[in-house]
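Results of the structural survey
As a plain string of letters, each chain reads:
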Number of protein chains: 2
Amino acid sequence: MVVESARARTLSHVDPAEVPLQSALDALADPVRRSILRDLATHDDWTRACGTFDLPVKKATASHHFAVLRSAGLIEQRDEGARRLNRLRREEFDRSFPGLLSATIDRAD
Amino acid sequence: MVVESARARTLSHVDPAEVPLQSALDALADPVRRSILRDLATHDDWTRACGTFDLPVKKATASHHFAVLRSAGLIEQRDEGARRLNRLRREEFDRSFPGLLSATIDRAD
DNA sequence: ACAACTGTACGACAAGGATCGAACACCATG
DNA sequence: CATGGTGTTCGATCCTTGTCGTACAGTTGT
């Protein structure tokens, strides 16, 4: 029988339709988080674990940023062994905030 | 000879093309400032003085928000007597950040 | 069992920014 | 000129949040 691991059970994902605009903007207003999103936008889904991003912060801080992005409905995460894989929720997020993601990451800072 | 008033001389406007994305997002990430922008978007240019906005903050704070919006290239201001009139710089801002303004203010919070 | 690796949780710290009161400058009007 | 109205500037305060070290949990491989 296939059972969810205890770790995966802690992963709660929100419906982007329920995310306040304030949360979405707060999530997008950080350069490290935008860097993560741009990275995800240029790679296939589920191919990037949290540790594979080249970020200018320590892992505790990176973990915090991933949590913010998840709670803003911008990314989905899934555990694969010891690693946590990521996916950009482009379609879902675009449905709730048309044009916002593109306007924010399809462009240099 | 027509001379700029001392007060108007303090009014510096930036080129939206020179505004960093970070500044634009920081400006848009505040609910009071979004409220100002939505108000401007639904009124004719130069018809709203700073004091005519119904804001949940004191005037010193409101003044700060107008300054942030101006420095982010989102609004233009012009003095008319004792009052400072405002205009939403929609076209200019859209040229630099396509879709960002609409995605942010064409919607409830 | 043990060690190495990945990621989170928690507490602490510092920086930034939103807020306000008070003082000030400018304008208009009596 | 005096008064009232509009808006800015300056400190001070408070709160949020980005940052990190450390400790911990779960996984993988030896």
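Residues numbered from 1 in each chain as written. Chains lettered and ligands numbered in written order. Predicted model: local features only at pLDDT ≥ 70, side-chain atom pairs only at ≥ 80, totals over all residues. Heavy atoms only, no water.

- Per an unreviewed UniProt entry, chain A goes by DNA-binding transcriptional ArsR family regulator and derives from Kribbella pratensis.

**A closer look at the interface of chain A and chain B**
- At the interface, 19 residues of chain A touch 19 residues of chain B.
- Counting each side, the surface lost to burial between chain A and chain B is near 1400 Å², with a carbon and sulfur contribution of 57%.
- Among the residues chain A hides against chain B, the three largest losses belong to L21, L25 and R107 of chain A. Together they make up 36% of the total.
- One can count 0 salt bridges joining chain A with chain B.
- Here chain A is connected to chain B by 6 residue pairs in polar contact (both at pLDDT 80 or more).
- Looking at the side of chain A that touches chain B, the element that brings in the most residues is helix α2 (residues 21-28) of chain A, giving 5 residues. (Contact = heavy atoms within 4.5 Å. Buried area = accessible area lost by both parts, 1.4 Å probe. Salt bridge = Lys/Arg side-chain N within 4 Å of Asp/Glu carboxyl O. Polar contact = N/O pair within 3.5 Å; in protein donor to acceptor, adjacent residues only side chain to side chain. Helix = DSSP H or I, 4+ residues; strand = E, 2+ residues; numbered from the N terminus.)

**Looking at the packing of helix α3 (residues 31-41) of chain A against helix α2 (residues 21-28) of chain B**
- With their axes 12 Å apart at the nearest point, α3 of chain A and α2 of chain B run at an angle of 110° to one another. By the angle between their axes, α3 of chain A is roughly perpendicular relative to α2 of chain B. You can see that α3 of chain A and α2 of chain B cross each other, and the crossing is right-handed. Taken together, the residues of α2 of chain B that come into contact with α3 of chain A (itself represented by P31, R34 and R38 of chain A) are L21, Q22 and L25 of chain B.
- When grouped by side-chain class, the residues that make up the contact of α3 of chain A with α2 of chain B number 3 nonpolar, 1 polar and 2 charged. (Axes fitted to C-alpha atoms, helices over the stretch in contact; angles between N-to-C directions. Parallel < 35°, antiparallel > 145°, perpendicular 65-115°, else oblique. Left-handed = near helix turned anticlockwise from the far one by under 90°. Nonpolar A, V, L, I, M, F, W, Y, C, P; charged D, E, K, R; others polar.)

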